[in-house]
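Fold and contact review
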Amino acid sequence: MRPASRPARTSPTLALALSGLLSALLAAPLAAEERPLVPIQPDHWTKAELNNFRGTPSYDETLAFLRRLEKTSPFLSLSFYGTSAEGRPMPLVVASKEKAFTPEAAAKSGKPVVLVLNGIHSGEIDGKDACLILLRDMALGNRPDLLETMTLLVVPIYNVDGHERSSKWARPNQDGPVDGMGFRTTAQGLDLNRDFLKADAPETRALLSLVAAWDPDLFVDDHVTDGSDAQVTVTVSYGGEPATPEPLRSWLETVMRPALAEVGENGWKTSPYIEWVDPLDPHKGIDPGPTEPRYGTCYMPLRSIPSVLVEMHALKPYGERVRANAAFLSALLSRVGSDPAPLKAARAAAKAAMKGARPGTPFVLAGETDLSRPETIDFPAYAWEQIVSPVTGRPRLVYDAMKPMTIPIPFYRHAKATVTVPRPAAYLVPAGWPGIEEKLAAHGLRFTKLSEPRTLAVGTYRASDAKFAPSSYQGRVRLAAKIARAVESRTVPAGSLYVPLDDPLAPVAMHLLEPEGPDSLFAWGFMSSALETKEYIDARVLEPLAAKMLAQDPKLAAEWEAKLKDPAFAADARARHRFFYARTPYWDESVGLLPVYRLDAPLEPTAPAAPAP
């Protein structure tokens, strides 16, 4: 579907036939303020443009096209920042008028650095083809407003292995590209947009290293929606709470609203990313929900990087989606480049706040939608009705694209805290947990290792009543538990990690190490062995000890009798055994003690940055 207000697109074939005429016209004298457009040569049309958006270029075809652009312009550079699980180099394109093709050169230029990530779900590849068009225009000199005002980093394909697992039968809910779409996950079956904090995939660790090196000023993550239908082609989410600091939320508002307005003026309808409060009643509004830092656009704000989630509407034709995606990126990037000072100032303020927060300051680990703070938006909908699915037997909505309508609905973009913890001055991770060290290093967090044992009063976390998920998720079995906090004297061995929080990346460290965080290392199962008993006391040894304890301690005897009145406890041999075992000197007191201690005051001077693994 093409919006009526949008001018018809000249086909690549016709454009090629007219290129000579266009060149002649461009040779004519022009007013000083007019800038000639460079004609697009045959090998500089993208594959999607040439096949009328039936298909997207393969990994090899994409690299070949980018190499042509690199030869065309000295201001574009193709490099590789990592290797996928199947061994494919992961491409990165840097566009810079100063040829600032390294993080150091980009920082010296003082211009904003923008990272656009495409193909994290490689069937959702609209952003790649949109970026190829923009990069082509920059290479030809037709977009000086972008080339001259920023350092643009484009990851054309993030999930490179999934991209090459292309099939006409992938993404059944999406309208093209009909010649084939990539697969959602990596070769390991990992969804890279659930991996930002736990960083299990080599692709994730490579991207984290890239982000740590370049420290981009803006992150844009290109996706395609699923689910509901509506008139919109472009949906977005940005400034998500509670992850995004206030300076970044305010800056995003100043650029996103006019950028989206420009996209609308060019003929494409936009809306917030559609997640219905009630999937059976759109009148109740949109709830994007507070997201966890497993997602890219929630993780990046923890590094004081404002983030924009782009979700092109899956039910719109592929060509329309690509062109609208390019139009949105163009509108956003042109505003970033034209006035970068507010962005730089917002990031500096956010970093200073994260680095300078005092120990004891409340820190929000998790939130939920605040339904008491709706905003009303005019939503470009289609008429709908509710039916009962003959397959599932459950109700669902069907939409009538022949009946467009605009309706006022509530939009709930604000969140309220559900889990808040006091910020420590630092963490200690006892020696013997190399997996935790690897994760801290992968995120570029600073730490040092104790050169000798230390006996200290530390804050401890003890987990009990652990509830493991019934099945694995993203290759791990998640869990939740009751967390008891205390202050204990513990001897911390040499080689233990000291992780100071006087750092702009303190939010990343807290989400990793605070066990109540929704994506903490504990929640993902990295510390589960700390909950297990490794020794065992036989009943023949325990029974006389239990009899002696009951005889000598009337209070314990009363507690035992009360427990036996609970039928579930009385029938649970393991629970009865543990009741007494945990009260004997043979019990391992470290069961449930998590390998993370908190300090309310610094232990030593600021540690240097840890090298990436």
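An account of the accompanying structure is given in this report.

Analysis parameters
- Residues numbered from 1 in each chain as written.
- Predicted model: local features only at pLDDT ≥ 70, side-chain atom pairs only at ≥ 80, totals over all residues.
- Heavy atoms only, no water.
- Helix = DSSP H or I, 4+ residues; strand = E, 2+ residues; numbered from the N terminus.
- Rg over C-alpha atoms; globule rule 2.2 N^0.38 Å.
- Buried < 20%, exposed > 50% of the residue type's maximum accessible area, 1.4 Å probe, protein only.
- Contact = heavy atoms within 4.5 Å.
- Lys, Arg positive; Asp, Glu negative; His and termini not counted.
- Charge placed at Lys NZ, Arg CZ, Asp CG, Glu CD.
- Phe/Tyr/Trp six-rings, centres within 6.5 Å; stacked < 30°, edge-to-face > 60°.
- Lys NZ or Arg CZ within 6 Å of the ring centre and 35° of its normal.
- Pairing = 2+ DSSP bridges.
- Axes fitted to C-alpha atoms, helices over the stretch in contact; angles between N-to-C directions.
- Polar contact = N/O pair within 3.5 Å; in protein donor to acceptor, adjacent residues only side chain to side chain.
- Parallel < 35°, antiparallel > 145°, perpendicular 65-115°, else oblique.
- Nonpolar A, V, L, I, M, F, W, Y, C, P; charged D, E, K, R; others polar.
- Core = buried A, V, L, I, M, F, W, Y, C linked by side-chain atoms within 4.5 Å.

When its secondary structure is counted, the chain shows 19 helices and 18 strands. Over its C-alpha atoms the chain spans a radius of gyration of 28 Å, differing by no more than 12% from the 25 Å that the globule rule assigns to 613 residues. Projected onto its principal axes, the C-alpha positions of the chain cover 105 × 60 × 45 Å. Sorting the 613 residues of the chain into buried and exposed places 53% on the buried side. If you take every contact in the chain between residues at least 6 apart in sequence, the share linking residues at least 24 apart comes to 79%. Taken together, the 68 basic and 72 acidic charged side chains of the chain have centroids lying 1 Å from each other.

This part is about the packing of aromatic side chains. With the rule as written, the count across this model stands at 10 aromatic pairs. Summarising the aromatic geometry, the rings of Tyr 473 and Trp 524 are spaced 5.8 Å apart at their centres and angled 10° between planes, so their arrangement reads as stacked. Pair noted here: Tyr 473 is in the loop between β15 (454–468) and β16 (479–492) and Trp 524 is in the loop between α15 (506–513) and α16 (539–552), with a separation of 51 residues, a long-range link. On the basis of relative accessible area, Tyr 473 is assigned to the partly exposed category, the value being 29%. With relative accessibility at 1%, the residue Trp 524 sits in the buried group. Look at Trp 560 and Phe 580: their rings are 4.5 Å apart centre to centre, the planes differ by 55°, and that puts the pair in the tilted class. Here Phe 580 lies in helix α19 (residues 573–581) and Trp 560 lies in helix α17 (residues 554–564), a separation of 20 residues in the sequence. What makes Phe 580 buried here is its relative accessible area of 6%. Put simply, the rings of Trp 560, Phe 569, Phe 579 and Phe 580 pair up and form one aromatic cluster. Taking the ring centre of Phe 183 as reference, the NZ or CZ of Arg 165 above it sits at 3.6 Å. When the ring centre of Phe 579 is taken as origin, the NZ or CZ atom of Arg 583, which lies over that ring, is 3.9 Å away.

Looking now at the sheet that holds strand β8 (residues 307–312). With mixed pairing, 8 strands are arranged side by side in an open sheet as β1-β2-β4-β3-β5-β8-β6-β7. The sheet is open, and its two borders are formed by β1 (76–83) and β7 (270–272), each paired with just one other strand. On average, each strand axis in the sheet is inclined to that of its neighbour by 25°, with strand direction left out of account. Relative to β8, strand β5 (residues 218–224) is paired through 6 bridges, and the arrangement is parallel. When the sheet's bridge partners are listed, Asp 222 is paired in β8 with Val 310. Lying over the sheet, helix α10 (residues 246–265) contacts β5, β6 (234–238), β7 and β8, oriented at roughly 175° with respect to β6.

It is worth spelling out the side chain of Arg 171 at this point. Checked against the element boundaries, Arg 171 lands in the loop between α8 (160–164) and α9 (202–214). At 3.2 Å, the side chain of Arg 171 forms a polar contact with the side chain of Glu 124. In contact with Arg 171, not counting residues within four places along its chain, are Gly 123, Glu 124, Met 181, Gly 182, Arg 184, Val 224, Thr 225 and Asp 226.

α17 packs onto α16 with a crossing angle of 115° between their chain directions and a minimal axis gap of 5 Å. With respect to α17, the axis of α16 lies roughly perpendicular. Contact residues: α16 offers Met 549, Leu 550 and Gln 552, while α17 offers Pro 554, Leu 556, Ala 557 and Trp 560. When the residues that make up the contact of α16 with α17 are grouped by side-chain class, the tally is 6 nonpolar, 1 polar and no charged.

Structurally, Tyr 399 can be placed in strand β11 (residues 395–411). Separated by 169 residues in sequence, Tyr 399 and Ala 230 place their C-alpha atoms 7.9 Å apart. Not counting the four nearest positions on each side in its chain, Tyr 399 is found in contact with Ser 228, Asp 229, Trp 276, Tyr 382, Ala 383 and Trp 384.

With that out of the way, let us pick up the side chain of Thr 460. Here Thr 460 is to be found in strand β15. Residue Thr 460 is classed as buried on the basis of its relative accessible area of 0%. When residues no more than four places from it in sequence are discounted, the contact partners of Thr 460 are Ala 484, Arg 485, Ala 486, Glu 488, Arg 490, Leu 593, Tyr 597 and Arg 598.

We now examine the nonpolar core. Note on soluble globular proteins: their nonpolar side chains tend to be buried together. Ranked by size, the top nonpolar core spans 120 residues in total, and within it Leu 135, Leu 152, Phe 328 and Leu 332 carry the most contacts. Beyond its immediate sequence surroundings of up to four residues, Leu 135 is in contact with Leu 66, Leu 69, Leu 76, Val 93, Ala 95, Leu 152 and Val 154. Trp 276, Trp 384, Leu 397 and Ile 407 belong to the second-largest nonpolar core, a separate cluster that totals 13 residues.

So far we have only geometry, and geometry alone does not tell us how the molecule works.
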